[in-house]
Amino acid sequence: MVNSSLKPTFLRDARAPARCALITGATGGIGEAFARTLPPETSLVLTGRDAAKLDAMGETFLGRATTVVADLATAEGIETVAQAAEAAGCDLLINNAGIGKSGNFLDVPLADQVATVRVDVEAFLALTHRIVPGMLARAERDGTRAGLINVASSLAFLPVPTLATYAAAKAFMLSFTESFAAEMGDRAIDVLVACPGATRTAFADRAGYRGRTMPGAMSPDKVAAATLAALGRQSTVVIGPASAAAFAPVALARSAFGKAFVRANRVLERIRDD
Ligand SMILES: NC(=O)c1ccc[n+]([C@@H]2O[C@H](COP(=O)([O-])OP(=O)(O)OC[C@H]3O[C@@H](n4cnc5c(N)ncnc54)[C@H](OP(=O)(O)O)[C@@H]3O)[C@@H](O)[C@H]2O)c1
């Protein structure tokens, strides 16, 4: 059998649907779109801080969803979510929750900058470290595949004045996930970082972005569908025509470097062991 990671993208088999997906930031925007887009056979663990919205989503996805109110800016919130994912036996982790505050760095309160790092960096790192080992063990035991999706941004490829902390946090997520995808190369898990361009959600309002609606902003459903379609086929997906034209070739080169690095390390280890 040909190793599926060696097949060209268009020849790879579609993944079997996940049995259970944890979606962070499920109460709106792209996270809610993931919940709508995943197939009905996938049960859901939905999390966010908005208890009323989570109750409503519990009704919408009746019999299919567990809801967890948790603040991912806190260690307790992360632990609560990790325990819920493990109890449900999740095999797909979607680290989607994210925030940012617009403005020159010195004009935005430090508390907002630190909250951005907690939610956009610490939380996804901690959830990945807590949840992936169990997902991998179950997948390897059952002969299935686990999945990890980290939702970064096309801004991860750029320095972005007035969104310096947010762009740096997303650059961290991009770089980390590219490295992790290469490390996990032949394990039973598909790892993907999604880099969407501007998307019509509450994000810009919450960030205090006073500009006009970004021209060409995408629907969150389009972002969720493109991301889920890419899982198992590639390790980075850049979504949106302008972003893809600018950054997809960069993403390909970075991914090739990650794979080459792992191969070179293996050769060096073999030489050392001989
Ligand atoms: N919209 C865009 O243009 C765009 C473009 C590229 C990438 N992204 C990324 O896409 C992801 C989803 O954002 P979105 O556009 O869908 O924005 P959104 O509508 O504002 O959704 C953000 C989600 O994150 C959750 N969240 C925020 N702070 C949290 C905290 N402390 N603890 C737990 N959950 C928290 C929110 O839930 P609660 O309010 O219930 O806590 C909400 O469900 C983010 O990572 C964002 O950076 C967005």
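Each remark here, short or long, concerns the structure printed above.
These lines cover the structure that appears in this document, whether it is placed above or below. Predicted, not measured: the structure shown is a model, and the values here were computed from it.

## So, the overall build of the protein chain
Stage number 1. Regarding its fold elements, the protein chain presents eight helices and seven strands.
Stage number 2. Computed over C-alpha atoms, the radius of gyration of the protein chain comes to 18 Å, within 12% of the 19 Å expected from 2.2 N^0.38 for 274 residues, which places it in the range of a compact globule.
Stage number 3. Projected onto its principal axes, the C-alpha coordinates of the protein chain cover approximately 60 × 45 × 35 Å.
Stage number 4. In the protein chain, 64% of the contacts between residues at least 6 apart in sequence involve partners at least 24 apart.

## Notes on the nonpolar core
Soluble globular proteins tend to pack their nonpolar side chains together in the buried interior.
Stage number 1. Counting 65 residues, the largest nonpolar core has Ala21, Ile23, Leu46, Cys90, Leu93, Ala194 and Cys195 as the members making the most contacts within it.
Stage number 2. Those residues in contact with Cys90, other than ones at most four positions away along the chain, are Cys20, Ala21, Leu22, Val45, Ala85, Ile131 and Met135.

## Notes on helix H5 (residues 164-183)
Note on helix geometry: an α-helix contains 3.6 residues per turn, so any two residues three or four positions apart are oriented the same way.
Stage number 1. Helix length check: H5, at 20 residues, gives a terminal C-alpha distance of 28 Å against a target of 28 Å (1.5 Å per residue), a fit within 8%.
Stage number 2. Residues of H5 that are buried: Thr165, Tyr166, Ala169, Lys170, Met173, Leu174, Thr177, Glu178, Ala181 and Ala182.
Stage number 3. Looking at the buried residues of H5, the elements they touch are helix H4 (110-142), strand E5 (146-151), strand E6 (189-196), strand E7 (236-239) and helix H8 (241-273).

## Things to note about the site of the ligand
Stage number 1. Close to the ligand lie 28 residues, the nearest being Gly25, Gly29, Gly48, Arg49 and Gly98.
Stage number 2. Within the residue set of the shell around the ligand, elements represented by two or more residues are helix H1 (29-37) and helix H6 (203-206).
Stage number 3. Top element by residues in the shell around the ligand is H1. It accounts for three residues.
Stage number 4. In terms of residue class, the shell around the ligand is made up of 13 nonpolar, eleven polar and four charged.

## Looking at the sheet that holds strand E4 (residues 92-95)
Strands belonging to one sheet form pairs held by backbone hydrogen bonds; the direction of such a pair is parallel or antiparallel.
Stage number 1. Here seven strands make up an open sheet; going across it, the order is E3-E2-E1-E4-E5-E6-E7 and the pairing parallel. Edge positions in the sheet fall to strand E3 (65-69) and E7, since each of these pairs with one other strand and no more. Sheet twist, expressed as the mean angle between neighbouring strand axes with direction ignored, is 15°.
Stage number 2. Of the strand pairs in this sheet, E6 and E7 are connected by four bridges, and their pairing is parallel.

## Comments concerning the environment of Pro215
Stage number 1. Within the secondary structure, Pro215 sits in the loop between H6 and helix H7 (220-230).
Stage number 2. The sequence separation of Pro215 and Thr199 amounts to 16 residues, and the corresponding C-alpha distance is 9.9 Å.

## Points about the packing of H5 against H8
Stage number 1. Across the interface, H5 lies against H8 with an axial gap of 9 Å and an inter-helix angle of 40°. One way to sum up the angle between H5 and H8 is to call them oblique. In the packing of H5 onto H8, the handedness of the crossing is right-handed. On the side of H5, the interface is formed by Glu178, Ser179, Ala181, Ala182 and Glu183, while H8 contributes Arg254, Ser255, Gly258, Lys259, Phe261 and Val262.
Stage number 2. The residue inventory of the contact of H5 with H8, partitioned by class, reads four nonpolar, three polar and four charged.

## Description of the pairing of E3
Stage number 1. Sheet topology places strand E2 (residues 43-48) next to E3; five bridges connect them, and they run parallel. Bridge assignment links Thr47 to a residue of E3, and that residue is Val68.
Stage number 2. What joins E2 to E3 is helix H2 (residues 51-60), and the crossover it makes is right-handed.

## Topic: the pairing of strand E1 (residues 20-24)
Stage number 1. Burial within E1 is extensive, with four of its five residues counted as buried.
Stage number 2. Crossover E1 to E2 through H1 is right-handed.
Stage number 3. Taken together, the three bridges between E1 and E4 define a ladder with parallel strand orientation. Counterpart to Ala21 in the pairing with E4 is Leu92.

Conventions used here
Residues numbered from 1 in each chain as written. Predicted model: local features only at pLDDT ≥ 70, side-chain atom pairs only at ≥ 80, totals over all residues. Helix = DSSP H or I, 4+ residues; strand = E, 2+ residues; numbered from the N terminus. Rg over C-alpha atoms; globule rule 2.2 N^0.38 Å. Contact = placed C-beta atoms within 7 Å. Core = buried A, V, L, I, M, F, W, Y, C linked by C-beta atoms within 7 Å. Buried ≥ 20, exposed ≤ 12 C-beta atoms within 10 Å, placed from the backbone. Expected span 1.5 Å × (residues − 1). Near = placed C-beta within 6 Å. Nonpolar A, V, L, I, M, F, W, Y, C, P; charged D, E, K, R; others polar. Pairing = 2+ DSSP bridges. Axes fitted to C-alpha atoms, helices over the stretch in contact; angles between N-to-C directions. Parallel < 35°, antiparallel > 145°, perpendicular 65-115°, else oblique. Left-handed = near helix turned anticlockwise from the far one by under 90°. Right-handed = clockwise from strand over helix to strand, strands pointing away.

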